[in-house]
Amino acid sequence: MKYHIEVCIDNLESLHNAIQGGATRIELCSSLALGGLTPSFGFMKKAGQISSIPVYAMIRPRQGDFVYDQDDIDSMLLDIEAAAEAGLQGVVLGVLSDKGHIDMPLAQQLCDRAKLYGLGITFHRAIDQCVDWQEAIEHVVSLGCERILTSGLAANVEQGIEVLKQMVELADGRVSIMAGAGLTADNVQSIVEYTHVREVHLSGKSTRPSKMKNLNQQAKMGNQNIDDYLIPVTSSQAIEKVVKALSS
């Protein structure tokens, strides 16, 4: 059984590591610590040049919820065009109303633009904030998305395993359900066997020390609790372990 292993990254070092580990698709983001935001055009362009596997760009203009106004949507439309110009294969997006339903008029704008440029579409974990996931799946199908990234409406895939199974059953092959959030080599086999998902999503996150020789721990570049000399990167070994678990 063939599985897709999507790895979310926010730097080019992680791109190389993810591919080395056996990833079959990349979700390209900035600021993974915030759940993933839209990457820069330069990042998209370079990733598209060096990646040997499909790259999907996150289209998310800010942190927080997924309730957007038309200004936000206009910027997201431009980012979708940038992803196409950068030579990427798809985009990752989601838009909700303040009542917790998919905002279909706004989502339709985004999906139509992606289709105009021949981009694939993943509907992301905005679905995990929906009040009615069954309705949401029907809406995502009507939008023409390829897949839905979800934790099963829970904090992680282990807690959401029952809903994930139900989602796969309801989707019935019309859209792929991709399990993500807290997925590791230790739980991936049980998750896929129980839910029958065929796509999984993870970051394989680790850190490495900075290459700086002169460390000034007093001058912080942002959050005072973040160590600027500890670089977050994807671990190729973590991805390899997931690949091996799925092939066993």
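The notes below deal with the structure included here. (Residues numbered from 1 in each chain as written. Predicted model: local features only at pLDDT ≥ 70, side-chain atom pairs only at ≥ 80, totals over all residues. Heavy atoms only, no water.)

## Quick word on the environment of R147
You can see R147 is positioned in strand β6 (residues 147-150). Distance from R147 to H124, taken between C-alpha atoms, is 8.4 Å for residues 23 residues apart in sequence. Filtering out sequence-adjacent residues up to four positions away, R147 remains in contact with R25, Y56, I121, T122, F123, V175, S176, M178 and E199. Polar side-chain contacts of R147 include one of 2.9 Å to the side chain of T122. (Helix = DSSP H or I, 4+ residues; strand = E, 2+ residues; numbered from the N terminus. Contact = heavy atoms within 4.5 Å. Polar contact = N/O pair within 3.5 Å; in protein donor to acceptor, adjacent residues only side chain to side chain.)

## Describing the packing of aromatic side chains
The final tally for this structure, using the stated rule, is zero aromatic pairs. Looking at R25, its charged tip hangs above the ring of Y56, at a distance of 5.7 Å from the centre. Lying over the aromatic face of Y194, K165 brings its terminal NZ or CZ to 5.1 Å of the ring centre. (Phe/Tyr/Trp six-rings, centres within 6.5 Å; stacked < 30°, edge-to-face > 60°. Lys NZ or Arg CZ within 6 Å of the ring centre and 35° of its normal.)

## Details of the layout of surface pockets
Put simply, the largest pocket is a space of about 1200 Å³. Every residue lining the largest pocket is counted, 45 residues in all, and those nearest its centre are C8, L32, A33, S203 and K205. Taken together, the elements giving at least two residues each to the lining of the largest pocket come down to β1 (4-9), β8 (199-202), β9 (205-209), β10 (230-234) and α8 (236-247). Per element, the largest residue contribution to the lining of the largest pocket is five residues, and it comes from β10. Here the lining of the largest pocket is composed, by residue class, of 20 nonpolar, 15 polar and 10 charged. (1 Å grid on protein atoms, 1.4 Å probe; cavity = no way out; pocket = protein on both sides within 12 Å on 5 of 7 lines; lining within 4 Å. Points joined across faces, edges and corners; volume = space filled by probe spheres on them. Nonpolar A, V, L, I, M, F, W, Y, C, P; charged D, E, K, R; others polar.)

## Remarks on the sheet that holds β1
With respect to topology, eight strands assemble into a closed barrel ordered β1-β2-β3-β4-β5-β6-β7-β8, the strand pairing being parallel. Neighbour-to-neighbour, the strand axes of this sheet turn through a mean angle of 25°, independent of strand direction. Strand direction decides the pairing type here: β6 and strand β7 (residues 176-180), joined by four bridges, are parallel. The residue of β7 that forms the bridge with I148 is I177. (Pairing = 2+ DSSP bridges. Axes fitted to C-alpha atoms, helices over the stretch in contact; angles between N-to-C directions.)

## Considerations on the side chain of S151
Positionally, S151 belongs in the loop between β6 and α6 (161-171). Not counting residues up to four positions away in its chain, the partners in contact with S151 are R125, D128, N156, V157, G160, L164, G180 and A181.

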